[in-house]
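Observations on chain architecture
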Amino acid sequence: MRDTWILFRHSLRVSMRQKAGVVFGAVQPLLFLVLFGPLFATIGTWETLVPGLIVQLGLMSMGLAGFGVVFEKRSGVLERLRVTPASRLALLLGRVLSNAVTLVLQTLLLVAAGYAFGMRAPLAGLAAGLVLVVVLGTGLAALSYAIALTMNEHLFAPVMSTAVVPLVLLSGSFLPMSMAPGWLDALSHASPFRYVLEALRELFAGRYASATVLTGVAVAVAFAAIGLLVGTRVFGERTA
Amino acid sequence: MINTTGLTKTYEGGPEAVANLTMSVAPGEIVGFLGPNGAGKTTAMRMLTTLLKPTSGSAVVAGHDLLGDPREVRRRIGYVSQSGGVDPAVPLGEELEVQAMLYGLSRARASARAAEVLALLDLTGLETRPGGALSGGQRRRVDIAFALTHRPVLLFLDEPTTGLDPRSRAALWDHVRRLRAEQGVTVFLTTHYLDEADALCDRLLIMDRGRIVAEGAPAALKTGGRTLDEVFLDLTGRPLGQEAGA
Ligand SMILES: Nc1ncnc2c1ncn2[C@@H]1O[C@H](COP(=O)(O)OP(=O)(O)OP(=O)(O)O)[C@@H](O)[C@H]1O
Ligand SMILES: [Mg+2]
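Residues numbered from 1 in each chain as written. Chains lettered and ligands numbered in written order. Predicted model: local features only at pLDDT ≥ 70, side-chain atom pairs only at ≥ 80, totals over all residues. Heavy atoms only, no water.

**Overview of the interface of chain B and chain A**
The condition that has to hold: Should any heavy atoms of two residues lie within 4.5 Å, those residues are counted as being in contact. Accessible surface is computed with a 1.4 Å probe, and the buried area is the amount of it that two parts give up when combined, taken over both parts together. By convention in these notes, a salt bridge is any Lys or Arg side-chain nitrogen within 4 Å of a carboxyl oxygen on Asp or Glu. Distance and chemistry together define a polar contact, namely a pair of N or O atoms within 3.5 Å, with one atom able to donate a hydrogen and the other to accept it when in protein, and with adjacent residues in sequence counting only for side-chain atoms on both sides. Helix numbers and strand numbers start at the N terminus; a helix is a DSSP run of H or I with at least 4 residues, a strand a run of E with at least 2.
Contacts between chain B and chain A engage 31 residues on the former and 24 residues on the latter. Interface area for chain B against chain A, summed over the two sides, is near 2300 Å², with a carbon-plus-sulfur share of 53%. Our count for the chain B to chain A interface comes out at 5 salt bridges. On the surface where chain B and chain A come into contact, there are 9 residue pairs in polar contact (both at pLDDT 80 or more). Residue assignment for the side of chain B that touches chain A shows that the elements contributing at least two residues are α2 (70–76), β6 (77–80) and α3 (92–101) of chain B. Top contributing element to the side of chain B that touches chain A by residue count: α3(B), with 5 residues.

See below:
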């Protein structure tokens, strides 16, 4: 626990030094908000779109989190840390939690921008949604680290940034999947992110006790657990 | 301090990098691995420092079983890897402090210890410098500082003086000898430099193609007025420093 805290603080301090990096990670969803949002608002609502963009943000920002560890592997820092008695879980969790803080800041930025455009959601729903996003983001970041350590490091960035695109589309970020033709709707049910996104939309609409919310929470928790499990294993085994 | 039995590493699809390594290092000894590129020195060291899982064999390092109790081994050893591990973006003082805290020191003691090891390695004044803004030799000394933060009883140094100028090299040798004399630290190192092996080590293990081909005190290996170079040539049929299999 203590090791996790030490590494979390360290990691956070390093990433907060790059404030531009934190903002830049949110630029793409912000662009969608500004340049696509007004268009979408003619047929849908901001309360539908913003949760979608939050999921897009989570996928992009956390999906690429593993990139940081590619550098640490190259510089030998990771190997040095692996010789310390810090637990392998702490090596992973310290980083993942710091990524989660970044994600919270980015999400708040996005929500604030959404608010400026006219989105309205109850505070409780926003807070619950933020928690849900953090849980999902934790799993994503952990998986991203596992992939980064397993995969050829030169392929990581191009492969991951491409892989994120279908995941975002299949989650129904831009238009709810209920509008999709049958086959696409069926396909998107295979994506865990769809369930989380639907739960997020419910929360933003102020409906907390629905089956959709419950499903989304369960999926997010399961996803995070799997991500951390896989991540810890890979952190324990892989060497630079 | 180190006892290995039949330690072997075969990389996937590769050669037997370390083959059936059985050796021991006594407490307080300074022992060196000497061998050409690709001999298996780094591979052996990475197994002994818990970084690489042996294909077979076992070892007791610093009083604990390498495979059964890696965490206790890690608490007691320091490791300077061949390529180093300094974060280019983080100020040195901060990173040393984190390193020390991971060994259980409180923040205040970690910060004091960071200043101490920086002074020890002649790096005082560079606390706020990020690793990327150091010279190669300075960075090497920072690597060594990292490995000393928790006062290990056993120190692994993989080519510690590569990239150091003559003065820093001499200072490092001096420092290694002092660690042993004052704190009884056991040192296991690899080197390509014959003068270094000669100056520093009580005992040398000459390694070639994953195997120890000769062992003895530097003086004993030089019997008959031969240099280590010549001994190596005799043993392996090729000069020191030549690529294995070349
Ligand atoms: N990750 C790896 N995968 C496959 N083969 C490897 C790997 N690392 C090392 N090897 C091979 O194992 C053998 C031993 O390498 P090792 O790095 O242990 O040698 P070394 O004695 O440290 O050499 P040097 O003096 O160049 O540092 C070499 O043939 C090398 O090519
Ligand atoms: Mg080597």
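**A word on the pairing of strand β4 (residues 56–61) of chain B**
Note on strand geometry: in a regular strand, side chains alternate between the two faces of the sheet. All names here are of chain B. The cut-off we apply is this: Any two strands with at least two DSSP bridges between them are considered paired.
Examined bridge by bridge, strand β1 (residues 2–10) and β4 share 5 bridges and lie antiparallel to one another. Following the sheet pairing, T4 is matched in β4 by A59. Bridging between β4 and strand β5 (residues 64–65) involves 2 bridges; their strand directions are antiparallel. Bridge pairing in β5 links V61 to H64. Hairpin connection, β4 to β5: the antiparallel pair is bridged by 2 residues, and A62 has positive phi, about 50 degrees.

**Some thoughts on the side chain of R169(B)**
Relative to the helices and strands, R169(B) is located in helix α6 (residues 166–183). Excluding residues that lie within four positions of it along the chain, R169(B) makes contacts with T161(B), L164(B), Y193(B), D195(B) and E196(B).

**Topic: the domain arrangement of chain B**
All names here are of chain B. Going by this rule: Marked domain ranges trace back to an automatic or database domain assignment. Residue polarity is assigned by list, with Asp, Glu, Lys and Arg as charged and Ala, Val, Leu, Ile, Met, Phe, Trp, Tyr, Cys and Pro as nonpolar; anything else, Gly included, falls into the polar class.
According to the domain assignment, chain B contains domain 1 (2–85 + 153–236) and domain 2 (87–133). The gap between the C-alpha centroids of domain 1 and domain 2 is 26 Å. If you look at the interface, domain 1 gives 7 residues, while domain 2 gives 5 residues. For the pairing of domain 1 and domain 2, the buried interface totals around 350 Å² over both sides, and the portion due to carbon and sulfur atoms is 52%. For the pair domain 1 and domain 2, the number of links is 1 salt bridge. A salt bridge links R167 to D122, with the shortest nitrogen-to-oxygen separation between them at 3.8 Å. The interface formed by domain 1 and domain 2 holds 0 residue pairs in polar contact (both at pLDDT 80 or more) in total. Of all elements in the fold, only α2 and α6 reach the threshold of two or more residues within the side of domain 1 that touches domain 2. It is α6 that contributes the most residues to the side of domain 1 that touches domain 2, 3 residues altogether. Counted by class, the side of domain 1 that touches domain 2 contains 2 nonpolar, 2 polar and 3 charged residues.

**Here's the deal with the packing of helix α3 (residues 27–35) of chain A against helix α5 (residues 46–63) of chain A**
All names here are of chain A. Definition in use: Every axis in this analysis is a line fitted to C-alpha atoms, fitted for helices over the stretch in contact. Angles between the N-to-C directions lie between 0 and 180 degrees. Each angle is binned into one of four classes, with values under 35 degrees roughly parallel, values over 145 roughly antiparallel, values of 65 to 115 roughly perpendicular, and all other values oblique. When the near helix sits turned anticlockwise from the far one by under a right angle, the crossing is termed left-handed; a clockwise turn instead gives a right-handed crossing.
Where α3 meets α5, the closest approach of the two axes is 9 Å, and the angle between their N-to-C directions is 160 degrees. By the angle between their axes, α3 is roughly antiparallel relative to α5. Of the two elements, α3 crosses α5, and the hand of that crossing is right-handed. Two secondary-structure elements touch here, α3 through Q28, P29, F32 and L33 and α5 through W46, V50, L53, Q56, L57 and M60. Residue composition of the contact of α3 with α5, by class: 8 nonpolar, 2 polar and no charged.

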